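Working through the structure, step by step
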Amino acid sequence: MKKKLAVFDLDGTLFDTTRVNFLSYEKVLRRRGYQPDFSFFRSKCFGHDFGYFGPLLAPGADAEELRAIHQEKKECYGAFLGEAVKNDHLFHLLHLMRKAYHTALVTAGSKENSRQILRYFGEEAAFDLILSAEDVPRPKPDPSGFLLAMNRFQAAPQDTIIFEDSPAGIAAAQASGAHLFVVKGYN
């Protein structure tokens, strides 16, 4: 029986989805009169949850409009999946680890979009557990998503390794007490 757990972030770790997400938001925001900027999105928004960066992308939007923007973005996401870059090296490692480790995906992304990109690249079956924004009570840097995954597999922090890229994800991994592997520059 496996006692170890490997947890992976999605955006920026398993896939570079910066352009996928930006183009999805851009399509929705331009229809609403906003002018999103890719450099701003990449430096200030990516790696955070929409609750944090939504108001940055749509200044002055009320809560109802922000919810609508986020929903419409999720609906556009699939059209831009060809812009994603898969981290082939990390997926190879993930598949090798499955012999000795449970595998979990913990992402601030939506369940719908997370499953879309995994299906697009034929990797949905790579995970024993997928926790998305809808499953986690508080976003990263809160460690609750990682702790939920550890609890699900009864894995102790010393038997868990987390693969992350963003400052918020790194902080959450460190707060969980698990081992951390920081992913940078794979594409």
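Structure's up top.
All right, on to the packing of helix 3 (residues 50-57) against helix 4 (residues 63-76) then. Where helix 3 contacts helix 4, the two axes come as close as 10 Å, and the packing angle between them is 105 degrees. Judged by the inter-axis angle, helix 3 sits roughly perpendicular to helix 4. Note on element contacts: helix 4 touches helix 3 through Leu66, Ile69 and His70, opposite Phe50, Gly54 and Pro55. Each residue belonging to the contact of helix 3 with helix 4 can be placed in one class, and the counts come to four nonpolar, two polar and no charged.

With that settled, consider the side chain of Ser176. By the element assignment, Ser176 lies in helix 8 (residues 167-176). Judged by its relative accessible area of 5%, Ser176 is buried. Here Ala178 takes part through its backbone nitrogen, which lies 3.2 Å from a polar atom of the side chain of Ser176. Setting aside residues no more than four positions away along its own chain, Ser176 makes contact with Pro143, Phe146, Leu147, Met150, Pro157 and Ile162.

How each quantity is defined
- Residues numbered from 1 in each chain as written.
- Predicted model: local features only at pLDDT ≥ 70, side-chain atom pairs only at ≥ 80, totals over all residues.
- Heavy atoms only, no water.
- Axes fitted to C-alpha atoms, helices over the stretch in contact; angles between N-to-C directions.
- Helix = DSSP H or I, 4+ residues; strand = E, 2+ residues; numbered from the N terminus.
- Parallel < 35°, antiparallel > 145°, perpendicular 65-115°, else oblique.
- Contact = heavy atoms within 4.5 Å.
- Nonpolar A, V, L, I, M, F, W, Y, C, P; charged D, E, K, R; others polar.
- Buried < 20%, exposed > 50% of the residue type's maximum accessible area, 1.4 Å probe, protein only.
- Polar contact = N/O pair within 3.5 Å; in protein donor to acceptor, adjacent residues only side chain to side chain.

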